[in-house]
Every structure is written in C-alpha cells, then in structure tokens.
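Here are the chains, one letter per residue:
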Amino acid sequence: MTFFLQFSLSFFSSAAFGIIANIPRRALLTSGFTGAIGWMIYFYLDQIFHSIASANFVAAFMIGCLSIFFSKKQKMPMIIFYIPGLIPLVPGGPSYEAVRAFALGDPNIGFQKLMVVSTTAISIVGGLLVTSFVEQLINKWLLSKRISNS
C-alpha cells in the first residue's frame, strides 16, 4: 500500500506542477512518471542508507536520465520533464521549519534544518551536473562513431 500511495502522490504532484508550469499536455504523463520514479528511488534509498544526500543525488541523476530519454523520444526539451520531475524532491518542509525556527528564536534548530535544505539542494544540482556530463560524453562518443563509420 505504501508503494502505491507514494507513487501516486509523487506522480500527481509532478503532473500538477506541469499543469501549473504550462508544459505541453502530451508531456504531462511522462513528466509525472519521471517525478514518481525519482521519488520512489529517493524514498527507498533514504530508507536503506539513511542518507538524504546520496538518495537525492541518485534520484536527481535518474530524473535527469529519464528526462533525456523522454526528450529524445517525444522531441521536446529536457527541461519540460526535468523540472516537474524534481518537484517531489524539493525540501519544502525543512525550508519552512528552518524559517519558523529562526522566527521563533531557535537558531540551533534553524541551522540544522538549513543544513538539510542545503544538502538536498547541492545533491539535486550535483545529480543534474553529472547527468549533463554523462549526456555530453555519450553524444561525443556517438558523434565519433558516426564519423568513423562514414
């Protein structure tokens, strides 16, 4: 039951953000699917390894890979799938808790929550960077393979 609930809620949150961001309708299902897969990877890796940094990094990397795949398959920009796919990973709760702690005069808790937000953000950016780097390597390899076959 937990799997179905987690998958459904992350799918609908990604697809709903896609609607808000006004992405093409034909990309809504795939962007929702991308977000759901990314969240499931994050959810289970966090439970297994108890590390939000590595779970976010791997999930963001997989969201990037799926975004590249769907962008080539549907002939659309990668960002259409990537941004809605990241929505389930955004640390909204810890961000709110950090601001609330600072507002209530508890800087220790505020800085702890701020570190969670920073770690999550850096991990997501790292996943995107590695995805872009891997895509460039693959494209260069494919280009050199085409040139050598010509």
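Residues numbered from 1 in each chain as written. Predicted model: local features only at pLDDT ≥ 70, side-chain atom pairs only at ≥ 80, totals over all residues. Heavy atoms only, no water.

Novice: Before we move on, could you go through the UniProt feature "transmembrane region" (unreviewed entry) in the protein chain and cite the residues and values that matter?
Specialist: The positions that UniProt labels "transmembrane region" (unreviewed entry) are, in the present scheme, residues 52–70, 76–93 and 114–134. Taken as a whole, residues 52–70 contains 100% helix and 0% strand, while its terminal C-alpha atoms sit 26 Å from one another. Between the end C-alpha atoms of residues 114–134 the distance is 30 Å, and the span holds 100% helix and 0% strand. (UniProt positions renumbered as here; feature names shortened; annotations may be inferred. Helix = DSSP H or I, 4+ residues; strand = E, 2+ residues; numbered from the N terminus.)

Novice: Could you give me a rundown of the pattern of salt bridges, with the residues and numbers involved?
Specialist: In this structure the tally under the stated criterion is two salt bridges. Two residues, K72 and E135, come together in a salt bridge whose shortest N-O distance is 3.8 Å. Of this pair, K72 sits in helix 3 (residues 52–74) while E135 sits in helix 6 (residues 107–149), placing them 63 residues apart in sequence. (Salt bridge = Lys/Arg side-chain N within 4 Å of Asp/Glu carboxyl O.)

Novice: Which residues make up the UniProt feature "domain: Threonine/Serine exporter ThrE" (unreviewed entry) in the protein chain, and what values do they have?
Specialist: With numbering matched to this structure, UniProt assigns "domain: Threonine/Serine exporter ThrE" (unreviewed entry) to residues 6–133. With 84% helix and 0% strand, residues 6–133 has end C-alpha atoms that lie 30 Å from one another.

Novice: Can you tell me about the environment of S10, naming the residues and giving the values?
Specialist: Here S10 lies in helix 1 (residues 2–20). The residues touching S10, leaving out its near neighbours within four places in the chain, are G32, G35, A36, W39 and P88. There is a polar contact of 3.0 Å between the side chain of S10 and the backbone oxygen of F7. (Contact = heavy atoms within 4.5 Å. Polar contact = N/O pair within 3.5 Å; in protein donor to acceptor, adjacent residues only side chain to side chain.)

Novice: Tell me about the packing of aromatic side chains, and please be specific about residues and values.
Specialist: For the coordinates displayed, the defined rule picks out ten aromatic pairs. Judged by centre distance (5.0 Å) and plane angle (40°), the ring pair of W39 and Y42 falls under tilted. Here W39 and its partner Y42 are both found in helix 2 (residues 28–49), three residues apart, which amounts to about one turn of the helix. Residue W39 is classed as buried on the basis of its relative accessible area, which comes to 18%. (Phe/Tyr/Trp six-rings, centres within 6.5 Å; stacked < 30°, edge-to-face > 60°. Buried < 20%, exposed > 50% of the residue type's maximum accessible area, 1.4 Å probe, protein only.)

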